[in-house]
Amino acid sequence: MVLDMLDSPRKIGMAAGTVAFMFLFPMYFAWMPLADEDLVTGGSSGQGEWLVSFSESESIFEESTVLEDGDTHMTEFTVGIEDLGDMEIGFIELIIQCNDDDDPGPGFSDSVEGVSDLLDVEGHSSGHIQDQDDEGTCMGGNGGFTMRWDVTTNYTGESFSIASSQKTIYETWNDNGYGIGVWSATISAEINSAPVVGGFVDSDEDFDITWRMITYELVIEESVVEPAE
Ligand SMILES: [Ca+2]
Ligand SMILES: [Ca+2]
């Protein structure tokens, strides 16, 4: 039987490979815990109970503009592939803030509208990243509006435990290469002013524009069950 199995050089080679693997197998598993620390995907052997968390970094671009009634302002935020390195994009926000305190009393609030133009952003053509429009008033504190895009689907940044394979976790939590490119939006101002003796007191408004990007590295650790006390 054995001689029959090894009746060709090719089969002999395969048998030798099998023996080598049987010998190396314990070494492979001795090495695995180290590999996990370095976040090396273990394929199907990565199956287990894992604590998944997100090591986040924040990138901010800010500018301000003063707009009169009907004025518009275009703002851009460029995400380069070289800026990301090994990081994945969690989400990107466009925050428009204003605080109209130019009028002597309530009412006559200025307001702002905004519309994004994401034609040049990776993931727009497939519909994963979609344009938005929004508006907000400027009086009463916390004026303006915020747009948010989850580049990683359903991103929250909160850690969780899961029984899964590491491969599945990596395949679920990534930005799929989306988000690279030039994020653009245009805001337009509407100025309302209380008519007072001698003319109008409010002729314009300050707008603070913030692009905020949260990127992350996935951290996968073995989930340790706390012993009951
Ligand atoms: Ca006003
Ligand atoms: Ca104003």
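It should be emphasised that the depicted structure is a prediction, and the values quoted were computed from it without experimental measurement. (Residues numbered from 1 in each chain as written. Chains lettered and ligands numbered in written order. Predicted model: local features only at pLDDT ≥ 70, side-chain atom pairs only at ≥ 80, totals over all residues.)

K.L.:
Sorry if this is basic, but what is going on with the overall build of the chain here?
P.N.:
Of the regular secondary structure elements, the chain holds four helices and 11 strands. Within the chain, the proportion of its 229 residues that are buried is 23%. A fraction of 81% describes how many contacts in the chain between residues 6 or more apart in sequence connect residues 24 or more apart. (Helix = DSSP H or I, 4+ residues; strand = E, 2+ residues; numbered from the N terminus. Buried ≥ 20, exposed ≤ 12 C-beta atoms within 10 Å, placed from the backbone. Contact = placed C-beta atoms within 7 Å.)

K.L.:
I would appreciate a short explanation of the sheet that holds strand β5 (residues 133-137) in the present structure.
P.N.:
Within a sheet, neighbouring strands are paired by backbone hydrogen bonds and run either parallel or antiparallel to one another. Strand order in the open sheet made by the four strands is β2-β8-β4-β5, with antiparallel pairing throughout. The strands lining the two open edges of the sheet, one partner per strand, are β2 (72-79) and β5. Averaged over all adjacent pairs, the angle separating strand axes in this sheet is 20°, with direction ignored. (Pairing = 2+ DSSP bridges. Axes fitted to C-alpha atoms, helices over the stretch in contact; angles between N-to-C directions.)

K.L.:
Any chance you could explain the sheet that holds strand β11 (residues 204-222) here in plain terms?
P.N.:
Strand order across the open sheet formed by five strands is β6-β3-β11-β1-β7, with antiparallel pairing between neighbours. The sheet terminates laterally at β6 (143-150) and β7 (160-164), the two strands that pair on one side only. Averaged over all pairs of adjacent strands, the angle between strand axes in this sheet comes to 25°, irrespective of strand direction. Across 19 bridges, strand β1 (residues 48-68) lies against β11 in antiparallel orientation. From the neighbouring strand, valine 52 faces β11, where its bridge partner is isoleucine 220.

K.L.:
Quick question: what am I supposed to make of the nonpolar core here?
P.N.:
Across soluble globular proteins, nonpolar side chains show a tendency to be buried alongside one another. Grouped together as the largest cluster of nonpolar side chains are 29 residues, with contacts concentrated most on Ile92, Ile96, Val112, Trp183 and Phe207. Elements supplying a minimum of two residues to this core: β1, β2, β3 (88-98), β6, β8 (181-190) and β11. A per-element tally of this core places β11 first, with six residues. When sequence neighbours within four positions are dropped, the list of residues in contact with phenylalanine 207 reads Ser64, Thr65, Leu67, Ile96, Cys98, Val112 and Ile187. (Core = buried A, V, L, I, M, F, W, Y, C linked by C-beta atoms within 7 Å.)

K.L.:
Sorry, what's going on with unusual backbone geometry here?
P.N.:
Keep in mind that most residues, glycine aside, have a negative phi and that most peptide bonds are trans. For phenylalanine 108, which is not a glycine, the phi torsion comes out positive at approximately 55°. Mapped onto the elements of the fold, phenylalanine 108 is located in the loop between β3 and β4 (111-117). The phi torsion at asparagine 154 lies on the positive side, around 60°, for a residue other than glycine. Assignment of secondary structure puts asparagine 154 in the loop between β6 and β7.

K.L.:
Just checking my understanding: could you explain the environment of glutamate 93 for this structure?
P.N.:
Residue placement: glutamate 93 occurs in strand β3. For glutamate 93, a count of 14 C-beta atoms within 10 Å gives the class partly exposed. With 121 residues separating them along the chain, glutamate 93 and isoleucine 214 place their C-alpha atoms 8.7 Å apart. Dropping the residues within four chain positions of it, glutamate 93 is found in contact with Thr146, Met147, Arg148 and Arg212.

K.L.:
Even after reading the chapter, I still don't get the confidence of the model for the chain, so can you show me in this structure?
P.N.:
Reading predicted coordinates in detail is not appropriate for stretches of low pLDDT. On average, residues of the chain score 85 in pLDDT, and 78% of them are at 70 or above. Here residues 1-6 is a poorly scored stretch, pLDDT under 50, and it has five contacts once near neighbours within four places are set aside; other chains count. (pLDDT = per-residue confidence, 0-100.)

K.L.:
I keep staring at the environment of threonine 75 and nothing clicks. Help me out?
P.N.:
Note that threonine 75 resides in strand β2. When the 21 C-beta atoms within 10 Å are taken as the criterion, threonine 75 is described as buried. Sequence separation between threonine 75 and isoleucine 209 is 134 residues, and the spatial gap between their C-alpha atoms is 8.0 Å. Residue contacts for threonine 75: discarding those within four places in its chain leaves Glu63, Ala185 and Ile209.

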